[in-house]
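Report on the structure
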Amino acid sequence: MKIEVIGSGCKKCKTLFELTEVVVRELNIHDIVLYSNDINKIVSMGLMSSPVLTLDDRPILVGILPDKERLKEIISKNL
Amino acid sequence: MFYPIQLLADWLTYTVFRIASKTLLGDAVNFFIFDTIKILILLSVIIFVVSIIRSYLPPEKIRAILSHKNKYVGNVLASLLGIITPFCSCSAIPLFLGFVQAGVPLGTTFSFLIASPMINEVAIVLLLGLFGWKIALVYIVSGLVIAILSGIIIGHLKVENLVEPFVYQNSINGNIDLPNMTRKERINYALLYTKDILKKVWPYILVGIGLGAWIHGYLPADFLAQYAGSGKWYAVPLAVLIGIPLYSNAAGVIPLVSALTEKGVSMGTTLALMMSVTALSLPEFMILKKVMKTRLIFIFAGIVAVGIIFTGYLFNFIL
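What counts, and at which threshold
- Numbering of residues starts from 1 in every chain and runs along the sequence as written.
- Lettering of chains starts at A and numbering of ligands starts at 1, both following the order in which they are written.
- For this predicted model, a pLDDT threshold of at least 70 governs which residues receive local features, and a threshold of 80 or more governs which side-chain atom pairs are given and counted, while totals over whole chains, interfaces and linings are taken from all residues.
- For the side-chain quantities, the full set of heavy atoms in the structure was used; hydrogens and water were omitted.
- For helices the rule is a DSSP run of H or I covering at least 4 residues; for strands it is a run of E covering at least 2, with both sets numbered from the N terminus onward.
- The buried label goes to any residue with under 20% of its type's maximum accessible area, the exposed label to any with over 50%, and the partly exposed label to all in between, with areas taken from a 1.4 Å probe on protein chains only.
- Every residue pair with non-hydrogen atoms within 4.5 Å of one another is taken to be in contact.
- Surface accessibility in these figures is a Shrake-Rupley result with a 1.4 Å probe; residues are shielded only by whichever protein chains are displayed.
- Once two parts are put together, the accessible area they lose, assessed with a 1.4 Å probe and summed over both, is termed the buried area.
- For this document, the term salt bridge refers to a Lys or Arg side-chain nitrogen within 4 Å of an Asp or Glu carboxyl oxygen.
- Throughout this description, a polar contact denotes any pair of N or O atoms lying within 3.5 Å of each other; where both atoms belong to protein, one of them has to be capable of donating a hydrogen while the other can accept it, and for residues adjacent in sequence the pair is counted only when both atoms sit in side chains.
- Gly is placed with the polar residues, together with every amino acid not listed as nonpolar (Ala, Val, Leu, Ile, Met, Phe, Trp, Tyr, Cys and Pro) or charged (Asp, Glu, Lys and Arg).

What about the overall build of chain A?
Helix and strand counts for chain A come out as three helices and four strands. Listed N to C, the secondary structure of chain A is β-α-β-α-β-β-α in terms of helices and strands. When the backbone C-alpha atoms are referred to their principal axes, chain A occupies close to 30 × 25 × 20 Å. The buried share of chain A, reckoned over its 79 residues, is 51%. Intrachain contacts of chain A at a sequence separation of at least 6 include 63% that bridge at least 24 residues. Just so you have it, chain A exposes about 3700 Å², and 50% of that area is on carbon and sulfur atoms.

Written out as structure tokens, the structure is:
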């Protein structure tokens, strides 16, 4: 599975990336989490806020920095 | 409402720093302390409140609202929604593409692109704190009128051919179902955003208010009237020109301008300068070149500039 955090380079994006890495490990998922600053990817998905979290190029979280528990919930719901 | 701050400023100036009252230095220091504290408190409160409102209306939601509206309603809504949306030149491209590719009309998109930077909470707070609520309201209402009318005019000009062709080749589905923020996330978001903005603008505010305090204390009251009073026809267009390269420094420009107004610059000229600082930005124009032809940027800037100049003359005449 491709897990990617895409940001505009903001601090929030970096934090979401780090949090996602932790959550993914706790969920026993062995794929690595990618991090990108390519804003064109966000635009081409039709989105305008960052950060964006995608699973297999499908956005599941946009413009929100959740806490760990909620992120876990959102990721497991979309697996 | 700001009486306790005045007491604090008086105490700091006259008791702690031991500066004699009724002197130029005493006045200037007192003015500086009072204005700085007042503006920083107003900024924190208002940015926090606006951020909470904004957390309910991310750009994706705004787009969904705008793509279903007929053009006049769309222009009005786009301008109103532009007020609460933060804007920096770095978000111009994603917003433009995101709106146009999801079917928001070009004129409506421009209304939003004009209102969003021009009517922002930092400018409003500074106007409110330094000029009072009437001037802040005049600024908001005339900014809205300029954004609505400019968008309608651009919509009628049928300039879609001046948008880079790739923009229309890619269309996107604007209806993506995504999780909303929880209450805790909204509060965190608002706190973080308020902190970020304050961190970014405080040096400009200090310098602006500092220069303002100096001007307030040391320049004679009608010093600038002979150059920029309401009788001088060139003052307004000149203010608009000066404003273009001063982008994003509304935080520093407004306190300075508030002091200049005391020294004889007329109110309409002041409003025109501030609108130009916020709405006409060279970096934004450069960035927009990626998605539209230079001619469209000139049309856009020209229409907005004419609107601002007209507003300046109007308020020089009636205020």
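That shown, we press on.
A short note on the interface of chain A and chain B
Taken together, the 20 residues of chain A in the interface contact 19 residues of chain B. Both sides of the chain A and chain B interface together cover about 1700 Å² of buried area, and 64% of this is carbon and sulfur. Sorting the residues of chain A by area buried against chain B places Val43, Met48 and Arg70 of chain A first, and these three jointly supply 38% of that buried surface. Scanning the region where chain A abuts chain B turns up two salt bridges. The shortest N-O distance in the salt bridge between Lys184 of chain B and Asp67 of chain A comes to 2.9 Å. Taken together, the links from chain A to chain B amount to six residue pairs in polar contact (both at pLDDT 80 or more). Breaking the side of chain A that touches chain B down by element, the ones donating at least two residues are helix 2 (39–44), strand 4 (58–62) and helix 3 (68–77) of chain A. By residue number, the principal contributor to the side of chain A that touches chain B is strand 4 of chain A, which donates four residues. For the side of chain A that touches chain B, a count of residues per class yields 13 nonpolar, four polar and three charged.

Things to note about the pattern of salt bridges
Residues and elements named next belong to chain A. Per the counting criterion, the structure on display carries nine salt bridges over all chains. Between Lys68 and Glu26 there is a salt bridge, and its shortest N-O distance comes to 3.0 Å. One end of the pair, Lys68, is in helix 3; the other, Glu26, is in helix 1 (residues 11–26), and 42 residues separate them in sequence. It is possible to trace a salt-bridge network through shared partners that takes in Lys2, Glu4, Lys41 and Asp57.

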